[in-house]
Amino acid sequence: MTTLSPAGRADSAGTTDTERRIAAAEAHSAHNYHPLPVVIASAEGAWMTDVEGNRYLDMLAGYSALNFGHGHPRLIAAAKAQLDRVTLTSRAFHHDRFGEFCAALAELCGMEMVLPMNTGAEAVETAVKTARKWGYQVKGVPDGQANIVVAAGNFHGRTTTIVSFSTDPEARADFGPYTPGFTVVPYGDLAAMEAAVTEHTVAVLIEPIQGEAGVLVPPAGYLAGVRRLTAERGVLLIADEIQSGLGRTGRTFACEHEDVVPDIYLLGKALGGGVVPVSAVVSSHAILGVFRPGEHGSTFGGNPLACAVALEVIAMLRTGEYQQRAATLGAHLHAALNELTTTGALTAVRGRGLWAGLDLPPALGTGRALSERLLTHRVLVKDTHGSTIRLAPPLVITQDDLDWGLEQLREVLTTS
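Residues numbered from 1 in each chain as written. Predicted model: local features only at pLDDT ≥ 70, side-chain atom pairs only at ≥ 80, totals over all residues. Heavy atoms only, no water.

J.: Which residues make up the sheet that holds strand β4 (residues 113-117), and what values go with them?
T.: With respect to topology, seven strands assemble into an open sheet ordered β4-β10-β9-β8-β7-β5-β6, the strand pairing being mixed. If you trace the sheet from one side to the other, it starts and ends with β4 and β6 (182-185), each paired once. For this sheet, the mean inter-axis angle between neighbouring strands, taken without regard to orientation, is 20°. As paired strands, strand β5 (residues 147-151) and β6 are joined by four bridges and run parallel to one another. Pairing of Ala151 across the sheet is with Val185, part of β6. Where helix α4 (residues 120-139) meets the sheet, its contacts fall on β4, β5, β6, β7 (201-206), β8 (236-240), β9 (264-267) and β10 (279-283), and the angle it forms with β7 comes to roughly 155°. (Pairing = 2+ DSSP bridges. Helix = DSSP H or I, 4+ residues; strand = E, 2+ residues; numbered from the N terminus. Axes fitted to C-alpha atoms, helices over the stretch in contact; angles between N-to-C directions. Contact = heavy atoms within 4.5 Å.)

Right under this line is the structure:
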């Protein structure tokens, strides 16, 4: 058994606590992640502190799971209050937070019905099952022939079904045989989408902005065009807003930037406030009403603790404060990043609100290398797809802190 010394102390060989803890993690956990060499011990707002006492500006926010920052007082208070009452009943029984949560989330989305789960991938899997069952029972697609159209470059999770329609070799390779029933078309290509939709198509599943692909924003009019196409062809439009939703882009949902209302919203990450995993499929009675007891479920989905925290998230979003912060600070962020493209420090910048994908010049190396250099400047970011890094600071970040983080980025880009 590995024994770790108190934080901040080096042993007689000069090994730091950080090094010991990383070694323990590497020795005893599967290597399905490649974390940066930092060990976080505490966090508050937009800042995290490691076991050595060093503070870092969090510019990733848990891939948008921490939209409201670390340890937001309202969310922690909601969780603590619920911890003293009841945390889990399973769906075998009703509990006093469930109906309130479902009604509040449905109202926030302008929908009628909620099917709660835990993780984003579970929400996507649930949506796949929903679309297929709706296709057979309502649309009349022959049994076993339902098809769902998705976009290349997608990231909807890592279950065996989801990686079956991934175009990322790292996520897909060596996990076959793959689940059939999906057609992949280029992201942003409306003509290709139209050609792919057939009489057996039950849904189009799409991210309004592709996060893992590098914060790719589709061409203007694309989402609206997909909405028109699906409505005309009797096909469900499923919007995966797990990363883009709940304030990140300056609106409650990224679909709102094109006045698009999908048939199904997929939500997760920020819905749990960075406290507990919460996800949901939100739609109409006509669509989610296809389920009958026993056909789908989750032991933890919609548990009292999750509902209590998510209810507070919904209440915070109702004010519009966080959406406005993302819009205002996002404009400031993108103005600063665009200046870096004019000097050649970056080759491209994409995104909306407090969300950006930055492409690096080849001379600067990989996104991983830049992330490691930013770590030494006490800024935490994450790379994706080789030469791209993502920025997604918590929506509670102050402009001063954002400017400090941008100054560290500017220094690393211009002095590397």
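Moving on from the coordinates now.
J.: Please give an account of the environment of Ala23 that cites residues and values.
T.: Assignment of secondary structure puts Ala23 in helix α1 (residues 17-28). Once the C-alpha coordinates of Ala23 and Val226 are considered, the two residues, 203 residues apart in sequence, prove to be 48 Å apart.

J.: Provide a residue-level description of the pairing of strand β12 (residues 356-359), including the pertinent values.
T.: Here β12 shows a buried face lined by Ala356 and Leu358 and a second buried face lined by Gly357 and Asp359. Hairpin connection, strand β11 (residues 348-351) to β12: the antiparallel pair is bridged by four residues, and Gly353 has positive phi, about 60°. Relative to strand β15 (residues 388-391), β12 runs antiparallel, the two sharing four bridges. Residue Ala356 lies in a different strand from β15, and its bridge partner there is Leu391. (Buried < 20%, exposed > 50% of the residue type's maximum accessible area, 1.4 Å probe, protein only.)

J.: How would you sum up the environment of Lys80? Please name residues and give values.
T.: Tracing the chain through its elements places Lys80 in helix α2 (residues 73-83). Residues Lys80 and Val309, spaced 229 residues apart in sequence, show a C-alpha to C-alpha distance of 9.5 Å.

J.: Any chance you could break down the pairing of β5 for me, citing the residues and the numbers?
T.: Counting buried positions along β5 gives five out of five residues, so the element sits mostly inside the fold. Burial along β5 is two-sided: Asn147, Val149 and Ala151 and Ile148 and Val150, pointing in opposite directions, are all buried. Pairing of β5 with β7, which is carried by four bridges, proceeds in the parallel orientation. Within β7, the position partnered with Asn147 by the bridge is Thr201.

J.: How would you summarise the packing of aromatic side chains if you had to cite specific residues and measurements?
T.: As enumerated under the stated definition, the model contains five aromatic pairs in all. Taking 5.6 Å as the distance between ring centres and 45° as the angle between the ring planes, the aromatic pair formed by Trp47 and Trp404 counts as tilted. Taken together, the residues span a long stretch of sequence, with Trp47 in strand β2 (residues 47-50) and Trp404 in helix α13 (residues 399-415) at a distance of 357 residues. Note on Trp404: relative accessible area 32%, which makes it partly exposed. Plain terms: the ring middles of Phe68 and Tyr322 are 5.1 Å apart, the flat faces sit at 85° to each other, and that makes the pair edge-to-face. Residue Phe68 is located in the loop between β3 (55-58) and α2, and its partner Tyr322 is located in helix α11 (residues 321-342); the two are separated by 254 residues in the primary sequence. Here the guanidinium or amino end of Arg55 rests over the ring plane of Trp47, the centre of that ring lying 4.5 Å away. The aromatic ring of Tyr178 is capped on one face by Arg172, whose charged end is 3.8 Å from the ring centroid. (Phe/Tyr/Trp six-rings, centres within 6.5 Å; stacked < 30°, edge-to-face > 60°. Lys NZ or Arg CZ within 6 Å of the ring centre and 35° of its normal.)

J.: Could you give an account of the sheet that holds strand β14 (residues 382-384), with specific residues and numbers?
T.: Strand pairing in a sheet relies on backbone hydrogen bonds, with the paired strands running either antiparallel or parallel. An order of β11-β12-β15-β14 is seen for the four strands of this open sheet, with the pairing classed as antiparallel. Since the sheet does not close on itself, it has two edges, and those belong to β11 and β14, each with one partner. Each strand of the sheet is rotated relative to its neighbour by a mean of 30°, with strand direction disregarded. In this fold α11 packs onto β11, β12 and β15, with an angle of close to 160° to the strand it touches most, β11.

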